[in-house]
Amino acid sequence: MTPRMDNAARQDDPERELLRGLRVLLVEDDPVARCAAAGILSRHVGTLWEAADGDEGLQLFRRHQPDLVISDIVMPHRDGLSLAREIKAQSPATPIVIITSHSDSGALLDAIEIGIDRYVLKPLKASALLEAMATCARAARLESEHRLATTVFHASSEAIMITDAENRIVDVNPAFTRITGFSRGEVLGRNPRILQSGIQSEHFYREMWAAINQYGHWRGEIWNRRRNGELYPEWLAVDRVLSPEGAVLNYVAMWSDISERKEAEARIHYLAHYDALTDLPNRVLFNDRFTQALIHARRYDQSVALMFVDLDRFKVVNDTLGHRVGDELLKQVAERLRRCVREEDTVSRQGGDEFVVLLANLDMSADAAVVSDKILEALAEPMYFEGHELSVTCSIGIACYPSDGADPDTLMKNADLAMYRAKSVGRNNYQFFSPELEQGALTRLTLENAMRRALDRDEFELHYLPQVDNPSGRLLSLEALIRWQHPERGLLLPSQFIPLAEESGLVLPISLWVLRRVARQLADWRRQNLTLVPVAINLCEAQLRQPDFAEALGRILSEEGVEGRWIELEFTEGALMHDTERNLRVLSALKRLGVGITLDDFGVGYSNLNVLRRLPVDTLKIDRSLVTDVTRNEDDAVIVDAIISMAQSMNLKVVAEGVETADQAGFFKARACAEIQGHFFSKAIGAVEVAAMLGHAPTAASTSSPA
């Protein structure tokens, strides 16, 4: 093959591809002529239908809707011109090529009037037929592309504006009118500057046109003006259209109104930086302003004060009057705090009833005391909402840069510590941070105050440890175990906070909280038609020293509608073995309520059996330290055997706590100690899991009626 043939083949390829995709209808009554034409066409087109006369041709056209029709003129029944009229009436865009041996000018004029695209004379030449078909196909394609472009232009949701080389508007689409408010007639021939908002500078437009002239296009965000004067943001694309010689023919601008997107972005930005309830800056924005204030203070040798403001007993308002009143109170507090500071200062809501105030550009730290006094005075004024008169106080902790810290984290921590000090000394006051607060007592003070707030904020929760029958796994009772969901330190176990609670006296309100929560939970399970089992609650000696403890428990049971038989109170040996006469009176009063009494951690103290005989105890719990090594340590095994034997002789129930392994469970099973608790059977679980267990598993109370 020669290079000339290669070039010719390459030149023919586009035309061949054009014909290969065609679906063609051939209508010819002469069988010989039809066969000859079909032979030519079948090698070049994609699909070919053949008809022997005009009527058959019309039927095939209606059935298949071909891309192109080739027809003889002279045919019986329906001639080619009649067929062409029918086809053009149904599908004006379908190209038609007429094959004729006539040179009758009248017939050709009729063909032109009908809209026939081409004609080819007989005798038929393949090159002439293919050329006529290709011309029709190209014209049809151009027409289709034009219709598509017109459809897109008019249907586009984006505004389209076309200008000439002098940047005069020559056409706009309907979306242009919808977005700008200008009709097509109002803008034709005018310069697009009629849309300018005045926000962008001349320099902006010079750079935009420089990019269009250099690169042929520009993309970006711009503000324009509607016909009614309203400004709006748009995303604009401008493209330059050149002639084959490189001369500018047109400029095409397309844009969409991005007002809604900008509003959504502004809303997202607001939600990311402001508290939705009070409109105060949130943590994110506050931290940024805090950092900038410290940078400015270092540069100009100034002070910055950080104030933690915590509302006192806000939870009482929330619980008594509801969250709507509580929210209104927070909004009014926020407004009063704003009025107490300068414009350059920042008041932020950190969450709940906690606020922080940032005082920037201070000459001296003592200025923070003046602001604190203003805040205390402002909040002391009564607030009114829906007929309620609300009074609120606050505790304020203050840390100052540079004396109390040089970075945000240190200052935040120290202001928080100072606020806890303000709480601990009586509330409704402010305290400056001092180095003493960083000592060990500070840690205890912080935890103590956090515990006080935990009660108000319902940060405590209960888990339940099942106590089961050793051989069968049947649920016998539950032990309520308190947990503290600390907002900063996470989930705390009793060993991490109960000792301090006992020292500070907080163990009393915490214990009452546990008692009420357990009673309420029992009542809830009963409402679910679940079969109840007793729930054990650990108490300490402090409860025994309370003369009205039994009376308080009785009120709780009565208010929650729960019988005492579903409550078991657990006391340690140490709590029950001292001040026997007092304990006897308290325990007897508790027994009259129907509750059970358990001696917890038995076997590691110095129990007085004579005292034990006098106390109304129902159950002994073998201490877990004995259970842990009972299968490996013979001494522990002997002690456990003695406890079981003694308990049986005193008609006391025995429970082994802390059973972790099958060997330990087997040890107690062999000694007829049928009640165990520990992770061998189950870890402590939540109330929902307990409900499932009560609803599906057999229990010791299965034959009893719920309270």
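The following refers to the structure shown. This structure is a prediction, so every number in the text was calculated from the model and none was measured.

1. Examining helix α15 (residues 408-424)
The α-helix advances 3.6 residues per turn, and as a result positions three or four apart in sequence lie on the same side. The end-to-end C-alpha separation of α15 is 24 Å, in line with the 24 Å expected for 17 residues at 1.5 Å each. For α15, the complete set of buried residues consists of Leu-411, Met-412, Asn-414, Ala-415, Asp-416, Leu-417, Ala-418, Met-419, Tyr-420, Ala-422 and Lys-423. Within two residues after α15, Gly-426 carries a phi angle of roughly 125°, on the positive side.

2. Observations concerning the packing of aromatic side chains
Within the structure shown, the criterion is met by 13 aromatic pairs. Ring geometry for Phe-460 and Trp-484: centres 5.6 Å apart, planes at 45°, overall tilted. Placement of the pair is Phe-460 in strand β18 (residues 460-469) and Trp-484 in strand β19 (residues 475-486), with a sequence separation of 24 residues. Of the two residues examined, Phe-460 and Trp-484, each falls in the buried class. Ring centres of Phe-667 and Phe-668 lie 5.2 Å apart, and the angle between their planes is 80°; this geometry places the pair in the edge-to-face category.

3. Some thoughts on the environment of Lys-125
Its location among the elements puts Lys-125 in the loop between β5 (118-121) and α6 (126-155). Look at Lys-125 and you get exposed, because its relative accessible area is 57%.

4. Section: empty space enclosed by the protein
In the structure shown here, the tally under the stated rule is 1 cavity of 30 Å³ or more. Its boundaries defined by the atoms lining it, the largest cavity holds a volume of some 30 Å³. Lining the largest cavity, in full, are Gln-467, Ser-477, Ala-536, Glu-568, Glu-570, Thr-598, Thr-619, Lys-621 and Val-655. When contributions to the lining of the largest cavity are tallied by element, the ones reaching two or more residues are β22 (567-572) and β24 (619-622). In terms of residue class, the lining of the largest cavity is built from 2 nonpolar, 4 polar and 3 charged.

5. Quick look at the environment of Leu-68
Positionally, Leu-68 belongs in strand β3 (residues 68-72). Separated by 72 residues in sequence, Leu-68 and Ala-140 place their C-alpha atoms 9.3 Å apart. When sequence neighbours within four positions are dropped, the list of residues in contact with Leu-68 reads Arg-23, Val-24, Leu-25, Thr-94, Pro-95, Val-97, Met-133 and Cys-136.

6. Some words on the sheet that holds strand β4 (residues 96-100)
Strand order across the open sheet formed by 5 strands is β2-β1-β3-β4-β5, with parallel pairing between neighbours. The strands lining the two open edges of the sheet, one partner per strand, are β2 (47-51) and β5. Across this sheet, the average inter-strand angle for adjacent strands is 20°, counted without regard to direction. Most of the contacts of helix α3 (residues 54-64) go to β2, to which it runs at about 150°, and overall it touches β1 (23-27), β2 and β3.

Analysis parameters
Position numbers for residues count from 1 along each chain, tracking the sequence in the order it is written. Owing to the predicted nature of the model, reporting of local features is limited to residues with pLDDT of at least 70; listing and counting of side-chain atom pairs is limited to 80 or more, with chain, interface and lining totals taken over all residues. In computing side-chain values, all of the structure's heavy atoms are included and hydrogens and water are not. By definition, any uninterrupted DSSP run of H or I lasting at least four residues is a helix, any uninterrupted run of E lasting at least two residues is a strand, and each is numbered from the N terminus. Here, expected helix span is obtained from the residue count minus one, scaled by 1.5 Å. When accessible area is computed with a 1.4 Å probe and restricted to protein chains, residues below 20% of their type maximum are described as buried, those above 50% as exposed, and intermediate ones as partly exposed. When the centres of two rings from Phe, Tyr and Trp lie within 6.5 Å, Trp using its six-membered ring, the rings pair. Their planes under 30 degrees apart give stacked, over 60 give edge-to-face, and anything left gives tilted. In the cavity and pocket records, a cavity denotes points on a 1 Å grid over the protein atoms alone where a 1.4 Å probe fits but cannot get out, a pocket denotes an open set with protein on both sides within 12 Å along at least 5 of 7 lines, and lining residues are residues with an atom within 4 Å of a point. Grid points are joined across faces, edges and corners, and a volume is the space filled by probe spheres set on the points. Ten residue types, Ala, Val, Leu, Ile, Met, Phe, Trp, Tyr, Cys and Pro, are classed as nonpolar, four, Asp, Glu, Lys and Arg, as charged, and the remainder, Gly among them, as polar. Here, residues are in contact when the closest pair of their heavy atoms is within 4.5 Å. A pair of strands is labelled paired if DSSP reports no fewer than 2 bridges between them. Angular values range over 0 to 180 degrees, each being the angle between N-to-C directions of two axes fitted as lines to C-alpha atoms, with helices fitted over their stretch in contact.

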